[in-house]
Amino acid sequence: MKRYSVTIIGMGPRGLSVFERIAAVAGSRRLALDINVVEPGDCGPGVHSVRQPQHLLINTIASQVTLFPAPGAVQYPPLCATPSLTAWARQAGYRRVGERYYRLGEHGGADITEADYLPRCLLGEYLAWAYRQIAALLPSCVNLNHHRQRAVDLLPLADGRYAVELETGYQLDSDFVFLTTGHGRNVPDELDARLADFARAHARSNSRLAFVRHAYPLERLARIGAGARVAIQGLGLSAHDIIAELTVGRGGAFVEDGQGNLRYQRSGAEPQLTLCSRNCLPAAARGVNQKGLDGRHQPHYFTPAAVDALRRMALAGRGSRQLDFERELLPLLKREMAWVYRSTLATATPGGVAPDPAGFVPTAEDDVLIDQLLFPLRGRRFATLEAFRQYFTDWLRDDLAEARLGNVGSATKAATDVLRDVRATLQAAVEHGGLTPASHRNFLAVYHAAINRSAFGPPLRRNQELLALLDAGVIEIVSGPRSRIDMDGQAASYVLSTGFGDGAVAHAFDVLVVARLDGFFPETDDSLLIRNVLKRGLVRPYCNGDFHPGGIDIDAGGRPLDARGQPSGGLWALGYLVEGAHYYTHALPRPQLRSRQVLDADRCVHAMCAQMDELPRPAARRAAADTAATALQQAAL
Ligand SMILES: Cc1cc2nc3c(=O)[nH]c(=O)nc-3n(C[C@H](O)[C@H](O)[C@H](O)COP(=O)(O)OP(=O)(O)OC[C@H]3O[C@@H](n4cnc5c(N)ncnc54)[C@H](O)[C@@H]3O)c2cc1C
């Protein structure tokens, strides 16, 4: 039996899904494999470090997180048991004590419920456990090697294989390679450089001055002193991590006030915080889950069939299958949300009946309502900072009240949860050039953020904490929508200013922390591996016409396209690297559902096996590879 070598570069959750699928196929088909895992850290966790503090939570309830395929979703069954994160945490003996989780066995503390959002360090432990389980159950025909290093280059070899170069210079030759390097960082742009230079240049006058471009790992926030005035830029999920680190992480505590609200007890080590962003409004809290593990709204209008029909019409009428999101897809999505909103309200009233889906047409009022859910600030102007502050806290309180009613009980949360439930259709509509370039640009700039803000926000508790921190004065809102950041050399401080109807308001601060994850743009990514594969033309940036949303170009099977647009033979890329051609690649799999992360991995592994079955003799492969390599060099020139 021929032995093949497979290298997985990056063993975070995505690499782990690939590993799990390879192990399953190898177990069923008794493949003789040498699996090389190139991962500088522990295998499994990726960004979800097991060493991070417990106050950093996952943003999906843990019972809806798994690493494994749903029963029947894949051909080859997993090698090991397939618990969800919650089931694993229970089996591992974790129990809840207050807001913390400890391995207490069967007694003490409280059971973990299906509704718990667990700390991300437990997610990291779960992923590391999954890796160890799979590794331990590999069939004897499979060898596994973990190279605790970074890959820095990838070269096609003359015999059609690939050489993976590690940072020590060691070279791994492989028949097949999977690229799953996950989250990356961009090199600083001009504005980043100016903000950082300013902090350095004025450090003598203001020793607190700092620009924190990348907040993770959050330990780096330790150098922010208690007296510093800190502006957190961005109000998404990373902002909640940063807030937690600078408050609870500094010894503060939240206590229940007996009426369902929280009060914050200061430790005295917290800096003074403020929040700013384009909108300066937090993401809506997730509604309490009332849909169980796999419950989802079954769409009437925004369906795969409807999207296909639109494509056929576009092809027939315009000669292109590309759609316009705002004009063609958004009306279906809004109709879906409006129907859910109206039927939730109707069925909540005694004797009420949901509108007949066949005849339901959203009214102008429905349209405004859905717009308000997606864009709460649209059309609003604030005369003063005080008026905006009032709006901010009212909005938070109203949203929390809806979240407590749940994702079925609240008309608002049920409507926005539609966006989560139809994600697979949205992905199919957007991916691989599904939208026109202009519409793709507009979708990512306008609607993607609105969808995230309204449907993929933090656990309810996080926004309760935000209110408590505002009440305690630890966080103060000192800016509004469309604020700007300047640098005041004389005062040696950054300045946050907003124009309100009655005049501009400016606020000086010392530390700017960017609460935003970098998108993956191969040309500006700081990874040597990415720079090298781009330089040698093994991959190219993905473009939809004249729009580059980020990511590298791939074919429909997940194989990177080289500089000439040719798919690379035995190379696949999954996850964040292909965010651009794909959409929303970073969500973890859900139990019971045909999850994208698992299905993508399964498809690529099947394609690898198909190549194993078809691989020509070495001489023929070498000839084919020579031709390809020459063409690639010419294209890269
Ligand atoms: C702070 C944070 C919190 C998140 N919370 C959630 C959440 O609660 N729920 C959710 O669904 N999603 C969450 N996500 C989204 C996240 O994208 C996924 O959960 C998941 O981590 C993606 O897995 P990945 O393997 O693609 O990437 P990563 O987790 O980034 O893992 C990539 C791995 O590749 C390795 N690597 C990188 N470069 C190289 C190289 N050159 N050579 C070798 N190895 C390399 C890295 O060391 C890393 O281990 C969060 C993301 C972040 C950043």
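In this text, all values refer to a predicted model and were calculated from it rather than measured experimentally. (Residues numbered from 1 in each chain as written. Predicted model: local features only at pLDDT ≥ 70, side-chain atom pairs only at ≥ 80, totals over all residues. Heavy atoms only, no water.)

A. Local environment of the sheet that holds strand E18 (residues 511-514). Taken in spatial order, the four strands make up an open sheet running E10-E18-E11-E14, and their pairing is parallel. The sheet is open, and its two edges are formed by strand E10 (210-212) and strand E14 (272-276), each paired on a single side. The mean inter-strand angle of the sheet, taken between neighbouring strand axes irrespective of direction, is 20 degrees. One ladder, built from four bridges, connects strand E11 (residues 229-233) with E18; its direction is parallel. The residue of E18 that forms the bridge with Val-230 is Val-511. In the packing of helix H4 (residues 190-201) onto the sheet, the strands contacted are E10 and E18, and the crossing angle to E10 comes to about 145 degrees. (Pairing = 2+ DSSP bridges. Helix = DSSP H or I, 4+ residues; strand = E, 2+ residues; numbered from the N terminus. Axes fitted to C-alpha atoms, helices over the stretch in contact; angles between N-to-C directions. Contact = heavy atoms within 4.5 Å.)

B. Expanded view of the site of the ligand. Taken together, 28 residues lie around the ligand, and Glu-39, His-48, Asn-59, Ala-151 and His-183 are the ones closest in. At 2.6 Å, a side-chain N or O of Glu-39 approaches an oxygen atom of the ligand. Between the ligand and His-48, the relevant distance is 2.8 Å, taken from an oxygen atom to a side-chain nitrogen or oxygen of the residue. Notes on the ligand: free accessible area 990 Å², of which the protein chains cover 90%. In the shell around the ligand, the residues fall into 12 nonpolar, 12 polar and four charged. (Near = heavy atom within 4 Å. Polar contact = N/O pair within 3.5 Å; in protein donor to acceptor, adjacent residues only side chain to side chain. Areas by Shrake-Rupley, 256 points an atom, 1.4 Å probe, with all protein chains shown as cover. Nonpolar A, V, L, I, M, F, W, Y, C, P; charged D, E, K, R; others polar.)

C. Fine view of the packing of helix H1 (residues 13-29) against helix H15 (residues 596-614). Between H1 and H15, the shortest axis-to-axis distance is 9 Å and the interhelical angle comes to 45 degrees. The angle between H1 and H15 falls in the class oblique. Crossing geometry of H1 relative to H15 is assigned as right-handed. Residues Pro-13, Arg-14, Ser-17, Val-18, Arg-21, Ile-22, Val-25 and Arg-29 of H1 form the contact with H15, whose own contacting residues are Gln-597, Val-598, Asp-600, Ala-601, Asp-602, Val-605, Met-608, Cys-609 and Asp-613. Tallied by class, the residues present in the contact of H1 with H15 amount to nine nonpolar, two polar and six charged. (Parallel < 35°, antiparallel > 145°, perpendicular 65-115°, else oblique. Left-handed = near helix turned anticlockwise from the far one by under 90°.)

D. View of the side chain of Arg-21. Relative to the elements of secondary structure, Arg-21 occurs in helix H1. When near neighbours in sequence (up to four residues on either side) are disregarded, Arg-21 contacts Pro-69, Val-74, Tyr-76, Pro-77, Pro-78, Val-598, Ala-601, Asp-602 and Val-605.

E. Spotlight on the pairing of strand E7 (residues 162-166). Counting buried positions over the five residues of E7 gives four, a clear majority of the element. Pairing between strand E6 (residues 151-156) and E7: five bridges, direction antiparallel. Bridge pairing in E7 places Pro-156 opposite Tyr-162. Hairpin connection, E7 to strand E8 (residues 171-174): the antiparallel pair is bridged by four residues, and Gly-169 has positive phi, about 95 degrees. (Buried < 20%, exposed > 50% of the residue type's maximum accessible area, 1.4 Å probe, protein only.)

F. Spatial organisation of the pattern of salt bridges. Following the criterion strictly, the structure yields 42 salt bridges and no others. Its salt-bridge partner being Arg-51, residue Asp-42 comes within 3.7 Å of it at the nearest N-O pair. By relative accessible area, Asp-42 is classed as partly exposed at 30%. Across the pair Arg-342 and Asp-366 runs a salt bridge, and its minimum N-O distance is 2.6 Å. Of the two residues, Arg-342 is situated in helix H7 (residues 325-348) and Asp-366 in helix H8 (residues 364-374); the sequence distance between them amounts to 24 residues. Linked by salt bridges that have partners in common, Arg-96, Glu-99, Asp-116, Glu-256, Arg-461, Arg-462 and Glu-465 make up one network. (Salt bridge = Lys/Arg side-chain N within 4 Å of Asp/Glu carboxyl O.)

G. Up close: the nonpolar core. Ile-22, Leu-33 and Phe-178 are the most contacted members of the largest nonpolar core, which totals 53 residues. Of all the elements, helix H3 (residues 120-136) adds the most residues to this core, at nine residues. Apart from the residues lying within four places of it in its own chain, the contact partners of Ile-22 are Val-6, Ile-8, Leu-33, Ile-35, Phe-178, Val-605 and Met-608. Membership of the second largest hydrophobic core comes to 48 residues, among which are Leu-273, Tyr-391, Ala-403 and Ala-515. (Core = buried A, V, L, I, M, F, W, Y, C linked by side-chain atoms within 4.5 Å.)

H. Quick look at the confidence of the model for the protein. Overall, the predicted model of the protein reaches an average pLDDT of 94, with 96% of residues at or above 70. Confidence drops under a pLDDT of 50 for residues 622-637, and excluding neighbours within four residues, the segment shows 21 contacts in the predicted structure. Listed scores for the predicted complex are pTM 0.94 and ipTM 0.98. (pLDDT = per-residue confidence, 0-100.)

I. Highlighting the packing of aromatic side chains. Tallying each qualifying case throughout the model produces 19 aromatic pairs. Taken together, a centroid distance of 6.0 Å and an interplanar angle of 45 degrees make the contact between Tyr-4 and Phe-176 tilted. One end of the pair, Tyr-4, is in strand E1 (residues 4-9); the other, Phe-176, is in strand E9 (residues 176-179), and 172 residues separate them in sequence. Judged by its relative accessible area of 1%, Phe-176 is buried. Ring-pair connections join several aromatic residues into one group, and the members of that group are Phe-325, Phe-375, Phe-443, Tyr-447, Phe-456, Tyr-583 and Tyr-584. (Phe/Tyr/Trp six-rings, centres within 6.5 Å; stacked < 30°, edge-to-face > 60°.)

J. Looking closely at the environment of Cys-276. Secondary-structure assignment places Cys-276 in strand E14. For Cys-276, a relative accessible area of 2% puts it in the buried group. With 239 residues separating them in the primary sequence, Cys-276 and Ala-515 have C-alpha atoms 9.9 Å apart.

K. Inspection of the packing of helix H10 (residues 411-421) against helix H12 (residues 437-455) at higher detail. Relative orientation of the contacting elements H10 and H12 amounts to 120 degrees, with a least axis distance of 9 Å. Considering their axes alone, H10 and H12 lie oblique with respect to each other. Between H10 and H12 lies a crossing whose hand is left-handed. Between H10, through Thr-416, Leu-419 and Arg-420, and H12, the contact on the second element is made entirely by Ile-451, Ser-454 and Ala-455.

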